[in-house]
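# Coordinate analysis (summary)
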Amino acid sequence: MFIKHTPCNKVVGPHGTANVLIMRGVFAKFTIPVYYEYDTAMTPDKLNEIIIKIQSFGFHVLGMTCDSASDNRGCANKLGVTEDSPKFPNPSPEYEGEFIYWMFDAVHLIKLIRNHFIDQGKICNE
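Residue numbers restart at each chain and count upward from 1, following the sequence in its written direction. In keeping with the predicted nature of the model, local features appear solely for residues at pLDDT of at least 70, side-chain atom pairs appear and are counted solely at 80 or more, and the whole-chain, interface and lining totals rest on all residues. Neither water nor hydrogens contribute to the side-chain values; these are computed over all heavy atoms in the structure.

### Considering the overall build of the chain
- Numbering of helices and strands runs from the N terminus; a helix is a DSSP stretch of H or I covering at least four residues, while a strand is a stretch of E covering at least two. Along its length, the chain carries 3 helices and 5 strands.
- Of the accessible surface of the chain, which amounts to about 9500 Å², a share of 58% is contributed by carbon and sulfur atoms. Here, Shrake-Rupley sampling with a 1.4 Å probe gives the accessible areas, and only protein chains in the shown set may cover a residue.

### Comments concerning the nonpolar core
- Leu21, Met42, Leu47, Leu79, Phe88 and Trp102 are the most contacted members of the largest nonpolar core, which has 19 residues in total.
- If you tally residues by element for this core, the top one is helix H1 (residues 44-56), at 4 residues.
- Whether two residues touch is decided by their heavy atoms; if any such pair falls within 4.5 Å, the residues are in contact. Those residues within four positions of Met42 in sequence are excluded, and the remaining contacts are Asn19, Leu21, Tyr35, Leu47, Ile50 and Cys75. What we call a nonpolar core is a set of buried Ala, Val, Leu, Ile, Met, Phe, Trp, Tyr and Cys residues that are connected through their side-chain atoms within 4.5 Å. Three exposure classes are used, based on accessible area relative to the maximum for each residue type with a 1.4 Å probe and protein chains only: buried under 20%, partly exposed in between, and exposed over 50%.

### Focus: the layout of surface pockets
- A pocket, in this scheme, is an open set of points on a 1 Å grid over the protein atoms alone with protein on both sides within 12 Å along at least 5 of 7 lines, while a cavity is a set where a 1.4 Å probe fits but cannot get out; residues line either one if an atom lies within 4 Å of a point. Grid points are joined across faces, edges and corners, and a volume is the space filled by probe spheres set on the points. Of the pockets and cavities examined, the largest pocket occupies roughly 1200 Å³.
- Surrounding the largest pocket, 38 residues form its lining, Leu21, Ile22, Gly63, Met64 and Thr65 being those nearest its centre.
- Looking at the lining of the largest pocket, the elements with two or more residues in it are strand S1 (18-24), H1, strand S3 (63-66), helix H2 (70-78) and strand S5 (99-104).
- Per element, the largest residue contribution to the lining of the largest pocket is 7 residues, and it comes from S1.
- Nonpolar residues are Ala, Val, Leu, Ile, Met, Phe, Trp, Tyr, Cys and Pro. Charged residues are Asp, Glu, Lys and Arg, and all others, Gly as well, are polar. For the lining of the largest pocket, the class distribution of residues is 25 nonpolar, 9 polar and 4 charged.

This is a description of form; function is not addressed.
And the structure:
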């Protein structure tokens, strides 16, 4: 669902998960929420539809980032993203032959390492 104005702007829940896509400028300073949905995994078809819609408004999607949740890794795998080739084809016809780069959020990965040390402690093999 693309974000649209509603008179009461309330969230009905509870929900277990949320997907939120926010567009940020690389050379211009802007942050725009463009999509949200509760309790569903992002699929390649849904992501490609969102990218095509964003680019139809004149923006050019160059890359994306997300946390390393299993649903996000699954979507990346289905798009053909690998460690050796962290990109997938741009789905928009006007950008045929170009790629969108997939990056897992480094700050989130550092937070996971921190949580591991807090929960498990440091393991030394001596």
